[in-house]
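Chain by chain, the residues run as shown.
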Amino acid sequence: MEKVLKIAGIIALVLIAVAASVLIYLVVPGTPSRSRFMTFQGFIALPQTGRLNVLDYLTLRDHILFVTAESSGNVFKVTLDPTTQTTATNISTLPGGGAVHGVVLMPSQNVAFVTRGEDNTVDVFDPTSLQPIKRIPVADDADAILYVPTSKLVYVANGDAHLATLIDPVAGTAVGTIALEAKPEYPALDTHTGLLYQNLNDTNMVAAINLAQRTIVGKWSLAPCEGPTGVAIDSEQQRLFAVCSHNAKLVVFDLERHQVIASLKIGGGPDSVAFDATLHRIYAAGKSGKFDVVQQDGPDTYRLLDQISTHYGAHTLVVDPASHQVFVGYASLLSPPRIAVFSPITTRP
């Protein structure tokens with residue numbers, strides 16, 4: 001009996017040690033792993049709004065970074081030091097609720113739109129003062145959002161409703177919907193053809209949408225992709241990049257031949273992907289805490305340069321096309337959320 005109790009005590013101590021290690025890992029974000037291709041420049045700390053802080057979309061324009069905090073409903077406006085973009089000169093907050101997701105900034109007027117998935121609204125606000133302007137009711141689960149200049153419409157992906165809502169940004173009203181017959185995740189615009197491409201998460205497909213006609217003009221399989229989430233487009237070479245949340249892949253889709261022409265294994269639970277057209281690099285971030293760097297050697301040739309360990313839940317990113325810096329949003333537990341800033345190393349040491 002004494003031996004059994006001793007073994008049970010050892011097992012209990014081991015379990016406590018493992019639980020403590022996991023808690024420390026979740027609470028204390030460490031420095032990202034070293035890379036030959038990316039330089040970690042530091043963290044930008046954000047306000048802590050609760051025990052658990054989950055970030056969602058990052059939107060960058062003119063040294064201003066908008067970060068949505070899905071867990072609190074807040075939108076953070078981070079004014080970056082224009083000389084380095086690695087520190088914040090000011091951080092202000094647009095409070096709210098309803099599982100906030102995407103932000104879109106209008107190119108020629110001081111107006112922005114943000115989706116709130118639980119409230120089923122798109123809120124209009126002043127991006128300079130962060131003052132609310134109005135609230136637009138939309139269909140269930142408003143998530144991804146973008147502005148399409150050719151049609152002068154704001155496009156909203158409504159996940160649970162399996163449709164997209166179209167908003168007139170001048171009138172500030174919903175003017176129509178497009179039935180998608182599947183759950184939409186991220187959309188991306190092909191500036192070459194003007195078509196919008198929408199990932200369909202539960203059918204493993206991508207749909208091409210003509211917003212001028214407000215119709216779907218094609219649907220194609222993204223196999224071997226399972227659970228497509230983030231999407232980015234290389235309009236010049238007519239390539240679409242989709243990350244696959246269920247089987248941890250990055251697939252490359254030919255927009256002219258309508259078929260997947262490359263597939264790479266990446267970190268688990270990928271959610272966001274971005275393309276740097278100048279450096280021909282694709283970046284992906286996933287919930288497992290892996291930041292993948294992929295090189296485009298040609299339209300049909302891709303290789304994984306590096307997989308950088310970040311932190312569990314660091315699943316969202318944005319790339320600055322001017323400085324080529326990459327901003328990765330960290331989730332946090334019992335500590336302030338933060339943004340990790342990386343710069344590319346374009347020549348190997």
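Whatever comes next refers back to the structure up there.
To start, this report covers the structure provided alongside it. (Residues numbered from 1 in each chain as written. Predicted model: local features only at pLDDT ≥ 70, side-chain atom pairs only at ≥ 80, totals over all residues. Heavy atoms only, no water.)

1. What about the layout of surface pockets?
For the record, the criterion: Here a cavity means grid points, on a 1 Å grid over the protein atoms only, where a 1.4 Å probe fits yet cannot get out; a pocket means an open set of points with protein on both sides within 12 Å along at least five of seven lines; lining residues are those with an atom within 4 Å of a point. Grid points are joined across faces, edges and corners, and a volume is the space filled by probe spheres set on the points. Under the scheme used here, helices are H or I runs from DSSP no shorter than 4 residues and strands are E runs no shorter than 2 residues, and both carry numbers assigned from the N terminus. Here the term charged refers only to Asp, Glu, Lys and Arg, the term nonpolar to Ala, Val, Leu, Ile, Met, Phe, Trp, Tyr, Cys and Pro, and the term polar to all other amino acids, Gly among them.
In this structure, the largest pocket encloses a volume near 1400 Å³. For the lining of the largest pocket, the elements supplying multiple residues, two or more each, are β3 (55-61), β7 (100-105), β11 (142-148), β15 (184-189), β19 (228-234), β23 (270-276) and β27 (316-319). Among the residues forming the lining of the largest pocket, the class breakdown is 28 nonpolar, nine polar and four charged. Approximately 530 Å³ is the volume found for the second largest pocket.

2. Concerning the packing of aromatic side chains
Put simply, the test is: Here is the rule: rings of Phe, Tyr and Trp (six-membered ring for Trp) pair when centre to centre is within 6.5 Å. Planes less than 30 degrees apart are stacked, more than 60 are edge-to-face, and the remainder are tilted. In this scheme, a residue with accessible area under 20% of its type's maximum is buried, one over 50% is exposed, and one in between is partly exposed, where area comes from a 1.4 Å probe on protein chains only.
A full pass over the atoms with the stated rule returns ten aromatic pairs. The interplanar angle of 40° and the centroid separation of 6.2 Å between the aromatic rings of Trp220 and Phe253 together place this pair among those described as tilted. Placement of the pair is Trp220 in strand β18 (residues 215-221) and Phe253 in strand β21 (residues 249-254), with a sequence separation of 33 residues. Phe253 matches Trp220 in its accessibility class, with the two residues each being buried. The structure contains a cluster of three or more aromatic residues connected by ring pairs, namely Phe40, Phe43, Tyr283, Phe291, Tyr330 and Phe342.

3. Examining the sheet that holds strand β22 (residues 259-265)
To be explicit about the condition: Being paired, for any two strands, means DSSP has found at least two bridges between them. Throughout, an axis means a line fitted to C-alpha atoms (over the contacting stretch in the case of helices), and angles, computed between N-to-C directions, take values from 0 to 180 degrees.
As summarised here, the arrangement of the four strands in space is β19-β20-β21-β22, forming an open sheet in which the pairing is antiparallel. Edge strands, defined here as strands with exactly one partner in the open sheet, are β19 and β22. Geometrically, the sheet is characterised by an average inter-axis angle of 20° between neighbouring strands, direction not taken into account. Pairing geometry for strand β20 (residues 239-244) and β21, over six bridges, is antiparallel. Bridge pairing in β21 places Phe241 opposite Val252.

4. A look at the state of the cysteines
Just so we agree on the cut-off: Cysteine sulfur atoms that come within 2.5 Å of each other are treated as a disulfide pair.
Tallying each qualifying case throughout the model produces one disulfide. Through a disulfide, Cys225 is tied to Cys244; the S-S separation comes to 2.2 Å. Sign of the S-S torsion, about -120° for the bond between Cys225 and Cys244, identifies this disulfide as left-handed. Of this pair, Cys225 sits in the loop between β18 and β19 while Cys244 sits in strand β20, and the two are 19 residues apart along the sequence. As far as the burial class goes, Cys225 and Cys244 line up, both buried.

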